[in-house]
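So the chains spell out like this:
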Amino acid sequence: VRHAANLAHFALQAANLNIDVDASESFAESQINYILGDTGRSFVVGWGENSPLRPHHRSSSCPDLPATCDFDALYNPGPNWQTLNGALVGGPNQNDQYNDDRADYKTNEVGTDYNAGFQSALAGLNKLN
């Protein structure tokens with residue numbers, strides 16, 4: 001979904017430039033709906049059905065102070081101690097399989113490069129309505 005979010009943003013930019021407006025807007029909306037969980041799994045922390053509980057994010061996996069934040073906290077199999085509401089994780093692999101595992105940075109990292117596209121696409125869709 002990391003690339004889907006950015007492509008949704010690009011599609012909305014194309015629509016804003018009057019390039020195949022209906023198809024561009026429809027594509028962007030379908031990508032965002034998938035990300036938000038229209039198939040039964042959300043890829044946004046704290047949003048929708050079956051959202052990620054273990055994003056690969058150092059500080060959100062740390063317990064509250066004064067507890068120590070160390071590798072034991074990082075490799076704790078439970079949900080992250082801190083919730084990153086609204087953060088988009090990397091998403092499923094090429095076979096549409098997703099593993100909510102903090103150690104799997106490919107599927108659970110919350111990088112700024114695709115979260116920026118995701119937030120921009122949300123803003124663009126909001127502008128349409």
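Please read these numbers as outputs of a predicted model, since none were measured by experiment. (Residues numbered from 1 in each chain as written. Predicted model: local features only at pLDDT ≥ 70, side-chain atom pairs only at ≥ 80, totals over all residues. Heavy atoms only, no water.)

Caption draft 1: How the structure looks around the overall build of the protein. In terms of helices and strands, the protein carries five helices and zero strands. If you list the helices and strands of the protein from N to C, you get α-α-α-α-α. Seen along its three principal axes, the alpha-carbon backbone of the protein occupies a region of about 55 × 30 × 20 Å. Evaluated residue by residue, the protein yields a buried proportion of 40% over its 129 residues. A sequence separation of at least 24 residues applies to 57% of the contacts in the protein between residues at least 6 apart. Separation between the mean location of the 7 positive side-chain charges and that of the 15 negative ones in the protein comes to 6 Å. (Helix = DSSP H or I, 4+ residues; strand = E, 2+ residues; numbered from the N terminus. Buried < 20%, exposed > 50% of the residue type's maximum accessible area, 1.4 Å probe, protein only. Contact = heavy atoms within 4.5 Å. Lys, Arg positive; Asp, Glu negative; His and termini not counted. Charge placed at Lys NZ, Arg CZ, Asp CG, Glu CD.)

Caption draft 2: Focus on the packing of helix α2 (residues 21-36) against helix α5 (residues 112-128). Two numbers describe how α2 lies on α5: the axes approach to 10 Å, and their chain directions differ by 125°. It follows from the interaxial angle that α2 and α5 lie oblique. Here the hand of the crossing between α2 and α5 comes out left-handed. Contact with α2, carried on its side by Glu25, Ala28, Glu29, Ile32, Ile35 and Leu36, involves Phe118, Ala121, Leu122, Leu125 and Leu128 of α5 and no other residues of that element. Across the contact of α2 with α5, the residue classes tally to nine nonpolar, no polar and two charged. (Axes fitted to C-alpha atoms, helices over the stretch in contact; angles between N-to-C directions. Parallel < 35°, antiparallel > 145°, perpendicular 65-115°, else oblique. Left-handed = near helix turned anticlockwise from the far one by under 90°. Nonpolar A, V, L, I, M, F, W, Y, C, P; charged D, E, K, R; others polar.)

Caption draft 3: Highlighting the environment of phenylalanine 118. Within the secondary structure layout, phenylalanine 118 lies in helix α5. Residue phenylalanine 118 is classed as buried on the basis of its relative accessible area of 1%. Distance from phenylalanine 118 to alanine 87, taken between C-alpha atoms, is 9.2 Å for residues 31 residues apart in sequence. Among all residues touching phenylalanine 118, those that are not within four sequence positions of it are Ala5, Ile32, Ile35, Leu36, Val44, Gly86 and Leu88.

Caption draft 4: Region of the structure containing the layout of surface pockets. Of the voids in this model, the largest pocket is the one considered here, and its volume is about 160 Å³. Lining the largest pocket, in full, are His9, Leu12, Gln13, Ala15, Asn16, Glu25, Ser120, Gly124, Lys127 and Leu128. Contributing elements (two or more residues each) for the lining of the largest pocket: α1 (2-16) and α5. At five residues, the largest contribution of residues to the lining of the largest pocket is made by α1. (1 Å grid on protein atoms, 1.4 Å probe; cavity = no way out; pocket = protein on both sides within 12 Å on 5 of 7 lines; lining within 4 Å. Points joined across faces, edges and corners; volume = space filled by probe spheres on them.)

Caption draft 5: Looking closely at the nonpolar core. Ranked by internal contacts, the top residues of the largest apolar core, which has 22 residues, are Val1, Ile32, Ile35, Phe43, Leu88, Val89 and Phe118. Looking at this core, the elements with two or more residues in it are α1, α2 and α5. When residues no more than four places from it in sequence are discounted, the contact partners of valine 1 are Tyr34, Ile35, Phe43, Leu88, Val89, Gly90, Gly91 and Pro92. (Core = buried A, V, L, I, M, F, W, Y, C linked by side-chain atoms within 4.5 Å.)

Caption draft 6: Up close: unusual backbone geometry. The linkage connecting leucine 65 with the following residue, proline 66, adopts the cis geometry, with an omega of 10°. Note on placement: proline 66 falls in the loop between α2 and α3 (71-74). Even without glycine at this site, asparagine 50 takes up a positive phi of about 55°. Not every positive phi belongs to a glycine, and aspartate 96 is a case in point at roughly 65°. The topology assignment puts aspartate 96 in the loop between α3 and α4 (105-108). Classification of aspartate 96 as partly exposed rests on a relative accessible area of 48%.

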